[in-house]
Amino acid sequence: MTNPEIERIYQLREELHTHNYNYYVLNAPVIGDIEFDHLMRELQDLEAKHPEVYDENSPTMRVGSDISKDFVQVEHKYPMLSLGNTYSEEEVSDFYERVRKSLNEDFEICCEMKFDGTSISLTYENGKLVRAVTRGDGVKGDDVTDNVKTIRTIPLVLKGDNYPQNFEIRGEILMPWDVFEMLNKEREAKEEPLFANPRNAASGTLKLQNSSVVASRKLDAYLYYLLGDNLPCDGHYENLQEARKWGFKISDTTRKVKTLQEVFDFIKYWDTERKNLPVATDGIVLKVNSLRQQKNLGYTAKSPRWAIAYKFQAEKALTRLQKVTYQVGRTGAITPVANLDPVQLSGTIVKRASLHNADIIASLDLHEGDMVYVEKGGEIIPKITGVDTASRMSDSKPVEFITHCPECGEPLTRFEDEAAYYCTNEDSCPPQIKGKIEHFISRKAMNIEGLGPETVDLFYQEGMIGNAADLYELKEEEIARLERFGEKSAQNIMAGLEASKLVGFERVIFALGIRFVGETVAKKLAKSVKNIDTLISASREQLVAIDEIGEKIAESIIHFFSSEKNRTLVERLKAAGLKMEMDAEQSANVSNILEGQSVVISGVFSVHSRDEYKDIIEKHGGKNVGSISKKTSFILAGENMGPSKLEKAQTLGIRIMSEAEFLSMIESQDDKKETVIQEKIADKIESPSTTDTDDKKKTNKNIQLELF
Ligand code: IVH
């Protein structure tokens, strides 16, 4: 007897696959978003009720899961070769001639865009996606199937009926320009490092451990190469058109041509027109169309003789240098910046370009008012790659690097072996003072809620702060009195400062802003010295004996603490109540109740984040593992645990523990401790309300984490 709910599951899966294709591949949805979400939710609910009809290619797989796992390496059935590259039309002619001579018969060339993303090989069996593997070293790659399933333009189940039983299709995973720009904006707001280009963003995203984050990043995929024994046609182009009917996204820029002139016309057209495409391209690919002829031409050790890539020149723009200005960083390093007449370059308007240091200015022989070439390389900030000397005015003067700090007037110093000039007036040069405080409050350092660069600037202008220790002497009334600040935001800042007193010792070391002491070095130092006094009095020999601490870092630490001013700063921070030693809990386990246990974390949680649970497990002697196996002790399961995990756990008879059960087990171990935590949180955070400034906002979760 058939179960109507199960029948509904099958029906919904089919419908959703079609809606997905209509929306993402054809750009022609037939139902609205709300209706789509509604159907998806219905399917999710039914699938949760019926794990017996689990399907790894169900449309619900598109939402991803937050299971962490290291990727499994898989050998490619056919190695993933690269293409011979050329930048010159002459070499394109040579390629065409070589092909003509070798084949000695008529041939066609398929002209395609060279997509600038990260390559992927998809394997389909009986019309279903079974595996997605990255290029890796060309022989072996990472199995990223779960992540790839979240990409809506990649069909999980094929349409039509003439696809081969087994085949591979290769293509490029891309992050569209608009998604890339949005992602970087979000990252900037969260003070996270930016992606340099959509290629890095796409490959970084594909390698994320959490496929639900991958799902949110809106990747796209164009497919351009089919491999298999029973492909429908002899023509590569014709096969791609068939693949389009199976549901794949095949670029409609692809053309089949015969003559060399037609090839050049294609190149010329797309060299400019590609700027209007939604994804990044860096050239065109020419492929001999007939598979029989491809086989005749064969391969060299690295690449096929039947294809070549012609790379476009990096886009350049010519514009006028208005003036060079100089920025002073928190360490006093001076960075010259070229201010330019605004110019359009690869989809954005460029007004400024980095000049890096004095040597670069000298090597460009840059003159005031020069017409300069600007290029976007791999980096976000464009650079000046050349000067149009022919258009230079005869009386123009060379750009002279400044000799004094533009902010405080201090003569600049150049240290041995360093390219940068420095302003050494650390104590009274405003951008250095503010930069140090900004670093101190930043997310990875003291993470102070309610404070951001704008507030620091204002407090500094108002004479309320001159260093990080002054922050802890701020008065609520004093802040509330300022324009732009209400009582609530003043309270919030005070609560943020209070809460920062619970931040771990290693982050306090990082927050001090000692040159060359980044997050990792700070952690190593904290673990080794255990308290600030040992660090202050450590000799160079003692410091270099610490794992990963070299001469340069040791020197810098000694230099930092040799300053009376810095020692006073530390003393004041200590007196304010900041952590100046490792907590006993930080170095020791809280309990051993999870000793020897392997725990898999799955689903979405409401009390703590996944990372926090990972930490809690470790602090209680357990180990967090990525995938379920016979050795798994239990699964800590939140909401929406993936159906595949659920099924696996059930098959292996592994216990599934809810968030509440887990917490009560942990709390029973450290009841006292938990009470302390709750009290401390209640003390520190009165209300998690937002400030009326636009500075960053945080939750109280970090504080809890610090206590475990
Ligand atoms: S065909 C054996 N076609 O370029 C030839 N590759 O250096 C297989 N790429 O790793 C590749 N667009 O990631 C081909 N239309 C296109 C392409 C393309 C971009 C990438 C691909 C490959 C690299 C070749």
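Note that residues are indexed from 1 along each chain, following the sequence as it is written. Where totals are concerned, whole chains, interfaces and linings use all residues; where local detail is concerned, this predicted model gives features only for residues with pLDDT of at least 70, and gives and counts side-chain atom pairs only at 80 or more. Computation of side-chain values: all heavy atoms of the structure, hydrogens and water removed.

A. Spotlight on the overall build of the protein. When helices and strands are tallied, the protein shows 28 helices and 22 strands. Taken over the C-alpha atoms alone, the protein extends approximately 90 × 85 × 50 Å along its principal axes. Long-range pairs, those at least 24 residues apart, make up 69% of the contacts in the protein with a sequence separation of at least 6. Only four residue types enter the charge count, namely Lys and Arg as positive and Asp and Glu as negative; His and the chain termini do not. Where a charge lies is defined by one atom per residue type, namely NZ (Lys), CZ (Arg), CG (Asp) and CD (Glu). Charge separation in the protein, taken as the distance between the mean sites of 91 positive and 115 negative side-chain charges, equals 3 Å. Strands are runs of DSSP state E lasting at least 2 residues, helices are runs of H or I lasting at least 4, and numbering of each runs from the N terminus. Contact between two residues is taken to exist if any of their heavy atoms lie within 4.5 Å; hydrogens are not considered.

B. Spotlight on the site of the ligand. A molecule or strand has a residue near it when one of that residue's heavy atoms lies within 4 Å. The full set close to the ligand counts 13 residues, and Glu112, Phe115, Glu172, Tyr224 and Lys287 are the nearest of them. Polar contacts here mean pairs of N or O atoms no more than 3.5 Å apart (in protein, one a potential hydrogen donor and the other a potential acceptor; neighbouring residues in sequence count only if both atoms are side-chain atoms). Measuring from an oxygen atom of the ligand, one finds a side-chain N or O atom of serine 119 at 3.4 Å. Separating a nitrogen atom of the ligand from a side-chain N or O atom of lysine 287 is a distance of 3.0 Å. Against a free-state accessible area of 520 Å², the protein chains account for coverage of 91% of the ligand. Mapped by element, the contributors of at least two residues to the shell around the ligand are β3 (109-115), β8 (220-227) and β10 (281-288). Under the grouping applied here, Gly and all other residues not named as nonpolar or charged are polar, the nonpolar ones being Ala, Val, Leu, Ile, Met, Phe, Trp, Tyr, Cys and Pro and the charged ones Asp, Glu, Lys and Arg. Of the residues assigned to the shell around the ligand, the class counts are seven nonpolar, two polar and four charged. For the accessible areas, the method is Shrake-Rupley and the probe is 1.4 Å, while residue cover comes only from the protein chains on display.

C. Representation of the sheet that holds β10 within the structure. Any two strands between which DSSP finds at least two bridges are classified as paired. Strands sit in the order β2-β11-β10-β3-β9 across an open sheet of five strands; the sheet is mixed. Only two strands of the sheet have a single partner each, and these edge strands are β2 (85-86) and β9 (255-257). In this sheet, strand β11 (residues 307-311) lies alongside β2 in parallel orientation, the contact comprising two bridges. Across the sheet, the residue bridging to asparagine 85 is alanine 309, located in β11. A fitted line through C-alpha atoms serves as each axis, taken over the contacting stretch for helices, and the angle formed by two N-to-C directions is quoted from 0 to 180°. Those strands touched by helix α8 (residues 236-246) are β3, β9 and β10, and its axis lies near 55° from that of β3. Strands β3, β9, β10 and β11 of the sheet are contacted by helix α9 (residues 260-273), whose axis makes an angle of about 20° with β3.

D. Representation of helix α13 (residues 453-461) within the structure. Here's how the labels work: a residue is buried when its accessible area is under 20% of the maximum for its type, exposed when over 50%, partly exposed in between, all with a 1.4 Å probe on protein chains only. All buried positions along α13 are accounted for by Thr455, Val456, Leu458, Phe459 and Tyr460. Along its buried surface, α13 packs onto α12 (430-441), α15 (476-480) and α16 (487-500). Looking one or two residues past α13, glycine 463 carries a phi angle of roughly 75°, positive in sign.

E. Structural context of the side chain of glutamate 47. Position of glutamate 47 relative to the elements: it lies in helix α2 (residues 33-49). Overall, the relative accessible area of 7% leaves glutamate 47 in the buried class. Leave out the neighbours within four places in its chain, and glutamate 47 touches Ile9, Arg13, Ser58 and Thr60.

F. Just the confidence of the model for the protein, in detail. For the protein, per-residue confidence averages 87 on the pLDDT scale, and 92% of positions sit at 70 or higher. Values of pLDDT, which run from 0 to 100, indicate the predictor's confidence residue by residue. By mean pLDDT, helix α28 (residues 701-707) is the weakest element of the protein at 25, and β3 is the strongest at 98. Note on residues 672-708: pLDDT is under 50 here. Beyond four places in sequence and across chains, it has 82 contacts.

G. View of the nonpolar core. Joining through side-chain atoms within 4.5 Å is the link that ties buried Ala, Val, Leu, Ile, Met, Phe, Trp, Tyr and Cys residues into a set, and such a set is a nonpolar core. Core analysis: the largest hydrophobic core is formed by 57 residues, its most contacted members being Phe440, Phe459, Leu471, Tyr472 and Leu525. Apart from the residues within four sequence positions on either side, tyrosine 472 is in contact with Phe440, Met446, Ile448, Leu497, Ser500, Lys501, Leu573, Ala576 and Leu578. In terms of nonpolar packing, the next biggest core, distinct from the first, is built from 35 residues, Leu156, Phe167, Ala202 and Ile250 among them.

H. Molecular detail of the sheet that holds strand β22 (residues 655-658). Strand order in this open sheet of four strands is β20-β19-β21-β22, and the pairing throughout is parallel. Pairing within the sheet leaves two strands with one partner each, and these edge strands are β20 (623-625) and β22. Averaged over all adjacent pairs, the angle separating strand axes in this sheet is 35°, with direction ignored. The sheet contacts of helix α26 (residues 659-669) involve β21 (634-637) and β22, and relative to β22 the element is tilted by about 80°.

I. Quick look at the packing of aromatic side chains. Only Phe, Tyr and Trp rings take part, Trp by its six-membered ring, and two of them pair if their centres are within 6.5 Å. Stacked means planes under 30 degrees apart, edge-to-face means over 60, and tilted covers everything else. Applying the stated rule across the entire model yields 23 aromatic pairs. Measuring from ring centre to ring centre gives 5.5 Å for phenylalanine 167 and tryptophan 246, while their planes differ by 55°; the resulting arrangement is tilted. With a gap of 79 residues between them, phenylalanine 167 in strand β7 (residues 166-174) and tryptophan 246 in helix α8 connect regions that are remote in the sequence. Take phenylalanine 167 and tryptophan 246: they sit in the same class, and that class is buried. Taken together through their ring pairs, the aromatic side chains of Tyr124, Tyr163, Phe167, Trp246 and Phe248 make up a single cluster. A cation over a ring is seen here: lysine 316 above tyrosine 373, with NZ or CZ 5.5 Å from the ring centre. The ring of phenylalanine 516 carries lysine 552 above its face, with NZ or CZ at 4.3 Å from the centroid. Cation placement over rings: the criterion is NZ of Lys or CZ of Arg within 6 Å of the ring centroid and within 35° of the ring normal.

J. Local environment of the pairing of β22. Both β21 and β22 contribute to a ladder of four bridges, which runs parallel. By the bridge assignment, leucine 636 is partnered in β22 with methionine 657. By convention, orient the strands away from the viewer: a clockwise path from the first strand over the helix to the second makes the crossover right-handed. Considered for its hand, the β-α-β crossover made up of β21, helix α25 (residues 643-652) and β22 is right-handed.

K. Representation of the pattern of salt bridges. We count a salt bridge whenever a side-chain nitrogen from Lys or Arg sits within 4 Å of a carboxyl oxygen from Asp or Glu. A complete count under the given rule lists 34 salt bridges for this structure. For aspartate 470, the salt bridge goes to arginine 572, with nearest N and O atoms at 2.7 Å. Placement of aspartate 470 in helix α14 (residues 468-471) and of arginine 572 in helix α22 (residues 564-576) is noted, with a sequence separation of 102 residues between them. The class for arginine 572 is partly exposed, based on a relative accessible area of 27%. A salt bridge links glutamate 571 to lysine 574; its shortest N-O distance comes to 4.0 Å. Taken together, the residues span about one helical turn, with glutamate 571 and lysine 574 both in helix α22 at a distance of three residues. When its relative accessible area of 41% is taken as the criterion, glutamate 571 is described as partly exposed. A network of salt bridges, in which partner residues are shared, links Arg13, Glu47 and Asp55.

L. View of the packing of helix α1 (residues 4-25) against α2. Put simply, α1 and α2 touch, their axes get as near as 10 Å, and they point 145° apart. Here α1 and α2 pass one another in a crossing that is left-handed. On α2, the residues touching Glu5, Arg8, Ile9, Leu12, Arg13, Glu15, Leu16, His19, Asn20 and Tyr23 of α1 are Asp33, Phe36, Leu39, Met40, Glu42, Leu43, Leu46, Glu47 and Lys49. Note on convention: the crossing is left-handed when the near helix lies turned anticlockwise from the far helix by less than a right angle, right-handed when the turn is clockwise.

M. Quick peek at the side chain of aspartate 370. Along the polypeptide, aspartate 370 turns up in the loop between α11 (358-364) and β15 (371-375). A distance of 2.7 Å separates the side chain of aspartate 370 from the backbone nitrogen of histidine 367, its partner in a polar contact. A polar side-chain atom of aspartate 370 sits 2.8 Å from a polar atom in the side chain of arginine 392. With near-sequence residues (within four places) excluded, aspartate 370 lies in contact with Thr319, Arg320, Leu321, Asp365, Val387 and Arg392.

N. Here's a closer look at the packing of helix α21 (residues 551-562) against α22. Remark: α21 packs on α22, axes separated minimally by 5 Å, with the N-to-C direction vectors making an angle of 80°. With respect to α22, the element α21 is oriented roughly perpendicular. Along its contact with α21, which presents Phe560, Phe561 and Ser562, the element α22 presents Glu564, Asn566, Arg567 and Val570. The residue inventory of the contact of α21 with α22, partitioned by class, reads three nonpolar, two polar and two charged. An angle below 35 degrees is treated as roughly parallel, one above 145 as roughly antiparallel, one from 65 to 115 as roughly perpendicular, and anything else as oblique.

O. Quick peek at the pairing of β3. Here β3 lies mainly inside the structure; seven of its seven residues are buried. Looking at chain direction, β3 and β9 are connected through three bridges and run antiparallel. By the bridge assignment for β9, cysteine 110 is matched with lysine 256. With seven bridges joining them, β3 and β10 adopt antiparallel strand pairing. Bridge pairing in β10 places methionine 113 opposite isoleucine 284.

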